[in-house]
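A closer look at the structure
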Amino acid sequence: MIDHISVGVSDLARSAQFYERALAPLGLTRLVERPSTVGYGKTYPEFWINLRPAMARVPADTGSHLCFRARSTAEVDAFHAAALEAGGVSDGLPGLRPHDRVRYYAAFVLDPDGNRIEAVTFPAE
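Here goes a summary of the coordinates provided. Note that this is a predicted model, so its numbers are computed, not measured.

What counts as what
- In this numbering scheme, every chain counts its residues from 1 along its sequence in written order.
- The predicted origin of the model limits local features to residues at a pLDDT of at least 70 and limits the giving and counting of side-chain atom pairs to 80 or more, whereas totals for whole chains, interfaces and linings rest on all residues.
- Derived side-chain values reflect all non-hydrogen atoms in the structure, with water molecules and hydrogen atoms excluded from consideration.
- The secondary structure listing takes helices from DSSP runs of H or I that are at least 4 residues long and strands from runs of E that are at least 2 residues long, numbered from the N terminus.
- Here the globule rule is a power law, 2.2 Å times the number of residues to the power 0.38, and the radius of gyration is based on C-alpha atoms.
- Only protein chains enter the accessibility calculation, which uses a 1.4 Å probe. A residue is then buried if its area is under 20% of the maximum for its type, exposed if over 50%, and partly exposed in between.
- Contacts between residues were defined by any pair of non-hydrogen atoms, one from each residue, lying within 4.5 Å.
- Surface exposure here means Shrake-Rupley accessible area, sampled with a 1.4 Å probe, where a residue is shielded only by the protein chains that are shown.
- Two residue types count as positive, namely Lys and Arg, and two as negative, namely Asp and Glu; His and chain ends fall outside the count.
- The atom standing in for a charge is NZ when the residue is Lys, CZ when it is Arg, CG when it is Asp and CD when it is Glu.
- Two rings from Phe, Tyr or Trp (for Trp, the six-membered ring) form a pair when their centres are within 6.5 Å of each other. A pair whose planes differ by under 30 degrees is stacked, one over 60 is edge-to-face, and the rest are tilted.
- Any two strands with at least two DSSP-identified bridges between them are counted as paired.
- Only C-alpha atoms enter the line fits that serve as axes; for helices the fit covers just the stretch in contact. Angles between N-to-C directions range over 0 to 180 degrees.
- Counted as salt bridges are all cases of a side-chain nitrogen of Lys or Arg within 4 Å of a carboxyl oxygen of Asp or Glu.

**Concerning the overall build of the protein chain**
- Counting its secondary structure elements, the protein chain contains two helices and eight strands.
- Computed over the C-alpha atoms, the radius of gyration of the protein chain is 14 Å, within 12% of the 14 Å expected from 2.2 N^0.38 for a compact globule of 125 residues.
- With respect to the principal axes defined by its C-alpha atoms, the protein chain has extents near 45 × 35 × 30 Å.
- Buried residues in the protein chain amount to 44% of all 125 residues.
- The long-range fraction of contacts in the protein chain, counting pairs at least 24 apart against all pairs at least 6 apart in sequence, stands at 53%.
- With the model as given, the accessible surface of the protein chain reaches about 7000 Å², and the carbon-plus-sulfur share is 54%.
- Averaged over its 13 positive side-chain charges, the protein chain has a centre that lies 2 Å from the centre of its 15 negative ones.

If you want it as structure tokens, here you go:
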């Protein structure tokens, strides 16, 4: 349904380093680099960060976030750890989140600009 998505960042170099480290455990790498945008993906850029120099920090109550699929709970854990080591802020520790419709394992992190990102997997057991 969605081909690609992007988020604004106030400092492209800082955010590119953050996302390169945070997304590595999920198998996503930096594929395209231009003066004001960087694209990440596995075979083509599915996620972009775009320089917005005047951008203010994203307010915590905006409710927007984006989620990356992980292959395992170990990948979710590694994503969370890598994101924190790269300067992100935890917004939800890795863990099982049982809901009425679906049972999933996820972790949430705020990037350096306050964008809320998640990694998720759906364990069988």
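Now, onward.
**A few points about the packing of aromatic side chains**
- Tallied over the full model, the rule gives six aromatic pairs.
- Here the aromatic rings of Tyr-19 and Tyr-40 are separated by 6.4 Å at their centres, their planes lie at 50 degrees, and the arrangement is tilted. Here Tyr-19, found in helix α1 (residues 12–23), pairs with Tyr-40, found in strand β3 (residues 37–41); they are 21 residues apart in sequence, far enough to count as distant. Considered together, Tyr-19 and Tyr-40 belong to a single accessibility category, that of buried residues.
- Ring geometry for Tyr-40 and Phe-47: centres 6.2 Å apart, planes at 35 degrees, overall tilted. Just as Tyr-40 is buried, Phe-47 falls in that class too.
- Ring pairing ties together the aromatic residues Phe-18, Tyr-19, Tyr-40, Phe-47 and Phe-68, which thus form one cluster.

**Focus: the sheet that holds strand β8 (residues 116–121)**
- Here four strands make up an open sheet; going across it, the order is β5-β8-β7-β6 and the pairing mixed. In this open sheet, the two strands that pair with only one neighbour each are β5 (65–69) and β6 (89–98). Direction aside, the axes of adjacent strands within the sheet are offset by 20 degrees on average.
- As judged from the seven bridges shared by β6 and strand β7 (residues 103–110), these two strands associate in the antiparallel manner. Following the sheet pairing, Gly-95 is matched in β7 by Ala-106.
- In the packing of helix α2 (residues 73–85) onto the sheet, contacts are made with β6, β7 and β8, and the angle to β7 comes to roughly 10 degrees.

**Focus: the sheet that holds strand β4 (residues 45–51)**
- Ordered by their spatial adjacency, four strands build an open sheet running β1-β4-β3-β2, and the pairing between neighbours is mixed. Two strands close off the open sheet at either side, each with one partner strand: β1 (5–9) and β2 (29–34). Direction aside, the axes of adjacent strands within the sheet are offset by 20 degrees on average.
- Examined bridge by bridge, β1 and β4 share five bridges and lie parallel to one another. Residue pairing across strands places Ser-6 opposite Trp-48, the latter belonging to β4.
- Contacting β1, β2, β3 and β4, α1 runs over the sheet at an angle of about 5 degrees to β3.

**Quick notes on the pattern of salt bridges**
- Taken as a whole, this structure holds five salt bridges when the rule is applied.
- The partner of Asp-113 in a salt bridge is Arg-14, with the nearest N and O atoms 3.4 Å apart. Of this pair, Asp-113 sits in the loop between β7 and β8 while Arg-14 is found in helix α1, placing the two residues 99 residues apart along the sequence.
- As a salt-bridge pair, Glu-75 and Arg-71 come within 2.7 Å of each other at their nearest N and O atoms.
- One network of salt bridges, with partners in common, ties together Glu-20, Arg-30 and Glu-33.

Interpretation in functional terms is not warranted from these geometric data alone.
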